[in-house]
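# Examining the three-dimensional arrangement
For reference, the chains in residue letters:
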Amino acid sequence: MPELPEVEIVKQSLNKIVKFKTISKVIVNNRNLRFKIPKNFEKSLKKKKITKIFRKSKYVIFQINFEQYLIMHLGMSGTIHMSDKGNKKNTNISFYHGRDLPEKHNHLIFFFDKFKVIYNDPRRFGFVKIMKSKDELIKYFSKLGPEPLGNKFNTNYLKQKFNKSIKNIKNSLLDQNLVSGIGNIYASEILFRSKINPLKKVENLTLSEIRKIISKTKFVLSHAINKGGSSIRDFKNVSGFKGNYQKEFMAYSRENYLCLNRGCESKIIKININNRATYYCKNCQK
DNA sequence: CCGTTAACCTGAGAGC
DNA sequence: TGCTCTCAGGTTAACG
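Overview of the structure. These figures come from a predicted structure and were not determined experimentally. (Residues numbered from 1 in each chain as written. Chains lettered and ligands numbered in written order. Predicted model: local features only at pLDDT ≥ 70, side-chain atom pairs only at ≥ 80, totals over all residues. Heavy atoms only, no water.)

## Structural notes on a positive patch on the surface
Positive charge collects at one region of the surface, where Lys25, Lys46, Lys47 and Lys85 lie side by side. Mapped onto the elements of the fold, Lys85 is located in the loop between β5 (79–84) and β6 (91–92). For Lys85, a relative accessible area of 63% corresponds to the exposed category. (Patch = residues over 30% accessible without salt bridge, like charges linked within 9 Å, V, L, I, M, F, W, Y side chains within 5 Å. Areas by Shrake-Rupley, 256 points an atom, 1.4 Å probe, with all protein chains shown as cover. Salt bridge = Lys/Arg side-chain N within 4 Å of Asp/Glu carboxyl O. Lys, Arg positive; Asp, Glu negative; His and termini not counted. Charge placed at Lys NZ, Arg CZ, Asp CG, Glu CD. Helix = DSSP H or I, 4+ residues; strand = E, 2+ residues; numbered from the N terminus. Buried < 20%, exposed > 50% of the residue type's maximum accessible area, 1.4 Å probe, protein only.)

The following block contains the structure:
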């Protein structure tokens, strides 16, 4: 559900709240997330300090006592909330479905001195995991493709990767081992702005089309971060502001609406690619 | 090896 | 109101 920009906003929110703070206690209400949470999870975090917070792909990573790492993936429906001690009202610092906090899906609660941070995830596709060392962390992410906003995601890299692949470009952008962080919304947005048909086979892409994909990927994702992410339903950051990038959608969720390209009178169509909704303009995207 | 499909879950919203 | 059906921002084991 959250893609790179939303996870980046969650990370920024968490960074303001828990950096250099000590976890006093952890409560696990449901161990059955995507991967079962081991019994020693609570103990290994108790009275430890969060020394750094960063993001890789769609993961939020907490450095613990300068040596261990807690990795967190929000899956499709994972959200982070916080509340002050004694205050029953929780603040959504990421996003969630519906108006009220669905408390029965508060699977993890991290207690700090003056507040608590809650991990809520109705569908339980998300997970947490502890990496005991930096080596273990690096090994865990070794198959992941480059960050789309980094220098390694460039024309030469894609050209070489696309050379011997028969896959279509939409599926390729969602392949986390090719490039890590793009999800279903931004894949449609990137291809619309690149004017490329999502079904086009990557081996048939020209050099200038590959250049376009690179530049539009960076443009769309960085713009989305600047707008605070996309708020489908009720995404909010730590300051209580909603993300605004959904207002910039040109393709995603716009089925039957007029294409926004100047002079184009076609309507956006919705098709299924690998069981994922894909939106595009047949007239503009070749 | 590669690419595709089904499966993992719950809840919201549409249609009847 | 309530039932059934479809859909949802992700990943990956199993299959051909």
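Now that the structure has been shown, the text picks up again.
## A few points about helix α6 (residues 184–194)
Most of α6 is tucked away: eleven of the eleven residues are buried. In this structure, the buried residues of α6 make contact with α1 (4–18), α5 (169–174), α7 (207–226) and β11 (276–280). With its phi angle positive at about 60 degrees, Lys195 sits one or two positions after the end of α6. (Contact = heavy atoms within 4.5 Å.)

## Some details on unusual backbone geometry
Within the chain, Ser253 stands out as a residue other than glycine whose phi angle is a positive 65 degrees. With respect to the helices and strands, Ser253 occurs in the loop between α7 and β10 (269–273). By relative accessible area, which is 43% here, Ser253 ends up partly exposed. Positive phi outside glycine occurs at Asn275, with the angle close to 65 degrees. The residue Asn275 is located in the loop between β10 and β11 in this model. For Asn275, a relative accessible area of 72% translates into the label exposed.

## Brief notes about the pairing of β10
By the bridge criterion, five bridges tie β10 to β11 in an arrangement that is antiparallel. Across the sheet, Ile273 pairs through a bridge with Arg276, a residue of β11. Two successive antiparallel strands, β10 and β11, enclose a turn made up of two residues, where Asn274 displays a positive phi of approximately 50 degrees. (Pairing = 2+ DSSP bridges.)

## Notes on the protein's contact with DNA strand B
Around DNA strand B, the surrounding shell consists of Lys104, His105, Pro122, Arg123, Arg124, Phe125, Ser165, Ile166, Lys167, Asn171 and Asn274. Atoms of DNA strand B within 4 Å of the protein belong to the sugar or the phosphate in 61% of instances, the rest to bases. Within the side chain of Arg123, one N or O atom sits 2.7 Å away from a base oxygen of DNA strand B. Its residues assigned to classes, the surface near DNA strand B comprises three nonpolar, four polar and four charged. (Near = heavy atom within 4 Å. Polar contact = N/O pair within 3.5 Å; in protein donor to acceptor, adjacent residues only side chain to side chain. Nonpolar A, V, L, I, M, F, W, Y, C, P; charged D, E, K, R; others polar.)

## What to know about the sheet that holds strand β4 (residues 68–73)
What the four strands build is an open sheet, ordered β2-β3-β4-β9; its pairing is antiparallel. Of all strands in the sheet, those with a lone pairing partner are β2 (50–56) and β9 (127–131), marking the two edges. Between one strand and the next, the sheet's axes are offset by a mean angle of 20 degrees, whatever the strand orientation. In this sheet, β4 lies alongside strand β3 (residues 59–64) in antiparallel orientation, the contact comprising six bridges. The residue bridging Ile61 from the neighbouring strand is Ile71, located in β4. In the packing of α1 onto the sheet, the strands contacted are β2 and β3, and the crossing angle to β2 comes to about 170 degrees. (Axes fitted to C-alpha atoms, helices over the stretch in contact; angles between N-to-C directions.)

## Some points on the side chain of Gln285
When you line up the elements, Gln285 lands in the segment after β11. With relative accessibility at 1%, the residue Gln285 sits in the buried group. Here the side chain of Gln285 touches Ile196 through a polar contact of 2.9 Å, landing on its backbone oxygen. Setting aside anything within four residues of it in sequence, one finds Gln285 in contact with Leu191, Phe192, Lys195, Ile196, Asn197, Pro198 and Tyr280.

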